[in-house]
Amino acid sequence: MRKFFLVVSLCLIPLAPVAARAHAFLDHASPLVGSTVPAAPHDVVLTFTQNLEPAFSTAQVTDSSGARVDQGKAQVSGNTMTVGLKSIGPGSYKVHWHALSVDTHSTEGTFTFHVGGH
Amino acid sequence: MASLLASLLAGLLADPLLYARALHFAATMLVAGVVLFAVLVAAPAWRGAAGNRAVAMNVRTRLAVIAWIGLALAAISGAAWLILTAAAMSGSPAARVFGDGVLWTVLSQTTFGRAWLIRFVLACALAATLPALLSRRDRKSTWLEITAAVLAAAFAGALAWSGHAAGGLGGEAILHPAADVLHLVAAAAWVGALLPLIVLFAAAGADDASLAMARTATVRFSILGIVSVGTLLATGIVNTFYLAGSVPALLHTEYGRLLLIKIVLFLAMVAIAAINRVRLTPQLLQQASIAASRGALRRLRRNAAIEALAGAAVIAIVAALGTMAPAIHAAHQHPTYGAVPADAAFVHIHLVEGMADVTIRPGRAGRAGATIRLWDEDFEALEARQVSMTLTAPGATGNPTSLPARQRRDGAWQVDDIELSQPGNWTVTVDVVLDRTKRLTLTAPIVIEP
């Protein structure tokens, strides 16, 4: 019986709260999610909570009329994804990312950022 | 509990990937289990049955049949898993993955695909060792036994790169897969070896030589079991640490509850194994009478069957867990990031005191609804007394009206019947009353499509 309680209490050890993460979620982006930047950036850099599969991870950037303003295929390195931008003017831009984590699960999301002083 | 089982059942029926995963886990455990059993448990037992070669050969022949069936099932279910995963990764239907080079891209360029290629090679090598390992000949070369055992362990262990353990960063990138590999090998050595053990017990009992074989096997399996259970416990703790992370996550998410059921089943299996070791094994070893030994053997066989059934249930749960989002997300992640509907406008507003995810759906001019989720700086849900939202149209001059939000059962705040008069760059302001003295105002632009 003592052994049994030892086993049970051992099983409870991992239940202490920790701040670990799993699956690829957007951790932060540059430009920041929802932010307004004074000058047009050359690229959008997305940092995720897990490493990504380059073959199946994409990001698209569109302007408020829905036209693509990114330069095509995103570059993936580890847990960051970088997509180059065409020269863009002031306005609102929508980033739509699709991330396939190395654990085979995919996630996607959108956010906007704004260029210019208004 | 009933609703959990019902939703699990519904998920099973809806998701062919679950079947493929469950079958592949079971078949892999079985193949690796038979080989590890033959090398670590049965080989010394067969030497103990030297007085009755027929019974040893009989057991070997049956183990060979089980191993080949397991290998065939592993190949079929592994192929199905690969195709379904390739389809999910590329977003194309399963029938299309053969064209367009999708399958090759998955195999050559993803962690999952490379693990599958390596495991295919391991399976072929393992298949090459099977005829000699389980042949009718009594004496096997030590090199053959070591090679087969290593291949079997690698075939099972490499499954770690098919799931959640593969994705970590930093220290987790090493520790989590390492723990998962050991967990899988230990599971194969214990759970996968139960059916071979039952087969050996079933063949024994008729004479002294076969009883001697059963005794040696029981003692060896007992040692293997203790090592496996210790490994499963230690590595299971590491995995739970990474995938659940906290008590609330275990208790309040479907993933956590399933994991708890798995732990309970594991403890039940350990309890049965303890009875076997403390009570039945000594009875078998005492050799007081053939009748007493046979009685102990029969009960050991029955208990092994119960353990094997519980093990099968554990494997089914493992298959389901791998397709679910780990509990850790519910507590620490931005769930909305993963699930922003395509037709929604979404903005994440971030202040030091707290943050809000605002989803307006549909995110275009016209009538819409809004969902607001509040978080504190640690991404824990932020308790609020009252929430209201204000939407300001592009270029608006007057005072926009503030819309009250009502709290839904899932904790999110909902605003219905919003009139979005025009497309463009709107401003959303979320007003949060935290308590009598604390308020939080979050403002951000949000793009409404035409």
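Asker: Could you clarify how one ought to interpret the confidence of the model for chain A in this entry?
Answerer: Note: predicted coordinates in regions of low pLDDT should not be interpreted at a detailed level. All names here are of chain A. In the predicted model, chain A carries a mean pLDDT of 79, and the fraction of residues at 70 or more is 79%. Element-level pLDDT for chain A is lowest in helix α1 (residues 2-12), with a mean of 47, against a maximum mean of 94 in strand β6 (residues 80-84). Low pLDDT, under 50, characterises residues 5-22; the predicted model gives this stretch 33 contacts beyond four residues in sequence or across chains.

Asker: What's the story with the nonpolar core in this structure? I'm lost.
Answerer: Side chains of nonpolar character tend, in soluble globular proteins, to be buried together. Residue and element names in this part refer to chain B. Core analysis: the largest hydrophobic core is formed by 164 residues, its most contacted members being V31, V35 and A152. Of the residues forming this core, the biggest block, 21 residues, is contributed by helix α2 (residues 16-48). Looking at which domains feed residues into this core, each of domain 1 (2-332) and domain 2 (335-448) gives three or more. For V31, the residues in contact, after removing those within four places along its chain, are A67, G70, L71, A74, A152 and F155.

Asker: Can you walk me through unusual backbone geometry in this structure?
Answerer: Negative phi is the rule for most residues except glycine; trans is the rule for most peptide bonds. Going from A:S30 to A:P31, the amide bond is cis rather than trans, its omega being 0 degrees. B:R361 connects to B:P362 through a cis peptide bond whose omega is -5 degrees. Of note in this structure, A:T104 is not a glycine but carries a positive phi near 75 degrees. Summarising the element assignment, A:T104 is placed in the loop between β7 (91-100) and β8 (106-115). Its 28 C-beta neighbours within 10 Å are what place A:T104 among the buried residues. A positive phi angle, near 55 degrees, is found at B:D417, a position not held by glycine.

Asker: Help me understand the pairing of strand β3 (residues 366-375) of chain B, please; the structure alone is not making it clear to me.
Answerer: Looking along a regular strand, one sees side chains alternate from face to face of the sheet. All names here are of chain B. The sheet contact formed by strand β2 (residues 355-361) and β3 spans seven bridges and is antiparallel. Of the residues in β3, the one forming a bridge with T359 is T371. Inspection of the sheet shows β3 paired to strand β6 (residues 413-420) by six bridges, in the antiparallel sense. Among the inter-strand pairings, A370 is bridged to a residue of β6, identified as V415.

Asker: For this particular structure, what's the right way to read helix α8 (residues 194-203) of chain B?
Answerer: Structurally, the α-helix is built with 3.6 residues per turn, so residues lying three or four positions apart point the same way. All names here are of chain B. With respect to burial, α8 is a largely interior element, eight of its ten residues being buried. Among all positions in α8, only L194, L195, P196, L197, V199, L200, F201 and A203 are buried. Just downstream of α8 lies G205, where phi reads positive at about 115 degrees.

Here is what the cut-offs are and how they apply
Residues numbered from 1 in each chain as written. Chains lettered and ligands numbered in written order. Predicted model: local features only at pLDDT ≥ 70, side-chain atom pairs only at ≥ 80, totals over all residues. pLDDT = per-residue confidence, 0-100. Helix = DSSP H or I, 4+ residues; strand = E, 2+ residues; numbered from the N terminus. Contact = placed C-beta atoms within 7 Å. Core = buried A, V, L, I, M, F, W, Y, C linked by C-beta atoms within 7 Å. Buried ≥ 20, exposed ≤ 12 C-beta atoms within 10 Å, placed from the backbone. Domains from an automatic or database assignment. Pairing = 2+ DSSP bridges.

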